[in-house]
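Reading the structure
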Amino acid sequence: MAGRRAATVLVYRPTEAERFASLVRAPRGVTVHAAGSPAEAEGVIARADVVWGWRVPPALFGKAERLAWVQAMGAGVDWALVPELPPRVVVTRSPGLFGPWMAEYVLAWCLWVTQRVDAYRRAQADRRWAADVVPERLGGRTLVVVGLGDIGRRIARTAAGLGLRVVGVSRSGRPVPGVGRVYRPRALAGAVAEGDFVVLVVPLTAETRNLVDERVLGAMKPTAWLINIARGAVVDEAALVRALAQRRIAGAILDVFATEPLPPGHPLWALDNVVVTPHIAGPDVPEDLARVFNDNLARFLAGRRLRHVVDRRRGY
Ligand code: GLV
C-alpha cells in the first residue's frame, strides 16, 4: 500500500461516536468525522478513505467510493463482510482486547450456577435460612469451548486455572495449551456431550450459522448449561427455546441474539432457566480500541502492512 499525506476518516458507531473520534491520533492532512447514524454519515461516506466503525449499515458501504480500509471496533466482523463492501477494501479487526473480559463473564456465570446464587437470594427475600441448599464445586466440571481464537483460548486458560477440565472445538483441531482435547467441527455433537458448560465463541460465518441446532442441543447433557457470547445466529434460536422449555438442557446464559435488542415479546425473556444479558460480555473500552486503530492508522498513512487483517473469504 502506498503512503499518503491526506485521508478522510469516518468514525461510525450508533453510540459515543464523538468520544471515539476524539481519540483518533490524526496528523495534519487527516480529517476525522464522527457519525452515529446513516443520516450523519451520508455527507462523508463518499469521500471517506477509512472507516473506524461498529455495525456500519451495509447501504453506507455501497456509497463508499474511495474507501480503502475498514477497522472494526470489535472482535466480530460479520457486519462488515457484506456484499455491499467493495472487494478492494481491507478489513481489520481488534483481537486481544476482549478475552480477559469474556473469561470473567463466562466464569462468573458458571459460578453463579454452582454457587446457587439465585436460590440464596430468593430464600433471603423470604427471610428463609436455606441450609438445605448447598453449593457445588465448579472445579472438576467440564467446560467445552467452541472456538479457540484468542478469546476462546483465554477462557480456556482461565477455566483450567480454576480446576475445570477444558475440551475445545476448532476448525484445525490443533492442540491448545490448557485444553485437554480439541475436536474438529464435524465432531461437535460428541464434544458438547462431554460438557457441564458449553461456551460458544466462534465468529459468525457461513459455516457457523445455525451450528448449534436441534441435533447438537440434543447431544448436550440434561444438566448442562449453554453460554452464547458469539453471535445469536450461531444457534438455532427456535430449537434452543424448545430445548429450554422442555428442560432437555439445564439452562442458557445468553449475551447475543438473532435480533438485538431482544424483542420484548421474545419467548427467551420468559424462561426461568435463561439469563439474558444485553451484548455486554466484551465491552468496548474506547482507549483500548483506539490503541489498535491508531497503530493501524499510522501504518496505513505510511503505506505499511496493516495488522489484524481479516481473510474475507474465511470470514474472520
Ligand atoms: C462484539 O460483539 C464484538 O464482536 O466485538
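Residues numbered from 1 in each chain as written. Predicted model: local features only at pLDDT ≥ 70, side-chain atom pairs only at ≥ 80, totals over all residues. Heavy atoms only, no water.

1. Description of the site of the ligand
If you check the shell around the ligand, you find Trp54, Gly74, Ala75, Gly76, Arg231 and His279 and nothing else. One of the backbone N or O atoms of Gly76 is found 2.6 Å from an oxygen atom in the ligand. Interatomic distance of 2.5 Å between a side-chain N/O atom of His279 and an oxygen atom of the ligand. Considering the ligand on its own, with 190 Å² of exposed area, one finds that the protein chains cover 89% of that surface. Within the shell around the ligand, the residues separate by chemical class into two nonpolar, three polar and one charged. (Near = heavy atom within 4 Å. Polar contact = N/O pair within 3.5 Å; in protein donor to acceptor, adjacent residues only side chain to side chain. Areas by Shrake-Rupley, 256 points an atom, 1.4 Å probe, with all protein chains shown as cover. Nonpolar A, V, L, I, M, F, W, Y, C, P; charged D, E, K, R; others polar.)

2. Topic: the pairing of strand 9 (residues 197-200)
Along any regular strand the residues' side chains alternate between the sheet's two faces. By the alternation rule, side chains of strand 9 split into Phe197 and Val199 and Val198 and Leu200, which are all buried. Here four bridges tie strand 6 (residues 142-146) to strand 9, and the two strands are oriented parallel to one another. Each residue of the ladder has a partner; that of Val145, found in strand 9, is Val199. Across four bridges, strand 9 lies against strand 10 (residues 225-228) in parallel orientation. (Buried < 20%, exposed > 50% of the residue type's maximum accessible area, 1.4 Å probe, protein only. Helix = DSSP H or I, 4+ residues; strand = E, 2+ residues; numbered from the N terminus. Pairing = 2+ DSSP bridges.)

3. What about the nonpolar core?
Grouped together as the largest cluster of nonpolar side chains are 76 residues, with contacts concentrated most on Trp52, Val70, Val106, Val145, Ile155, Ile227 and Ile229. With residues near it in sequence (within four places) discarded, Val70 still touches Val51, Phe61, Trp79, Leu85, Val89, Val90, Val91 and Thr92. Counting residues in each nonpolar core, the second largest holds 36 residues, with Tyr183, Val198, Leu244 and Leu254 among its members. (Core = buried A, V, L, I, M, F, W, Y, C linked by side-chain atoms within 4.5 Å. Contact = heavy atoms within 4.5 Å.)

4. Side note on unusual backbone geometry
At the junction of Glu260 and Pro261, the peptide bond is cis and its omega measures out at -10° in the coordinates. A positive phi is found at Glu16, a non-glycine position, where the angle reads about 60°. Along the polypeptide, Glu16 turns up in the loop between strand 1 (7-12) and helix 1 (17-21). Phi at Asn210 is positive, roughly 60°, even though this residue is not glycine. Tracing the backbone shows Asn210 in the loop between strand 9 and helix 8 (214-219). Residue classification places Asn210 among the partly exposed residues on the basis of a relative accessible area of 40%.

5. A short note on the sheet that holds strand 12 (residues 274-276)
In spatial order, the strands read 8-7-6-9-10-11-12; together these seven strands make up an open sheet with parallel pairing. One side of each edge strand has no neighbouring strand; the edge strands of this open sheet are strand 8 (181-183) and strand 12. In this sheet, adjacent strand axes meet at a mean angle of 15° when their direction is disregarded. Along the sheet, helix 6 (residues 150-161) makes contact with strand 6, strand 7 (165-169) and strand 9, crossing strand 6 at roughly 170°. (Axes fitted to C-alpha atoms, helices over the stretch in contact; angles between N-to-C directions.)

6. A closer look at the pattern of salt bridges
The full count for this structure, using the stated rule, is 19 salt bridges. One salt bridge connects Asp49 with Arg4, and the closest N-O pair in it is separated by 3.6 Å. Placement of the pair is Asp49 in the loop between helix 2 (38-45) and strand 3 (50-53) and Arg4 in the segment before strand 1, with a sequence separation of 45 residues. By relative accessible area, which is 2% here, Asp49 ends up buried. A salt bridge links Glu214 to Arg242, with the nearest nitrogen and oxygen atoms 2.6 Å apart. Note that Glu214 is positioned in helix 8 and Arg242 in helix 9 (residues 237-245), a separation of 28 residues in sequence. Assessed through its relative accessible area of 35%, Glu214 is described here as partly exposed. The partly exposed category is assigned to Arg242, whose relative accessible area is 37%. (Salt bridge = Lys/Arg side-chain N within 4 Å of Asp/Glu carboxyl O.)

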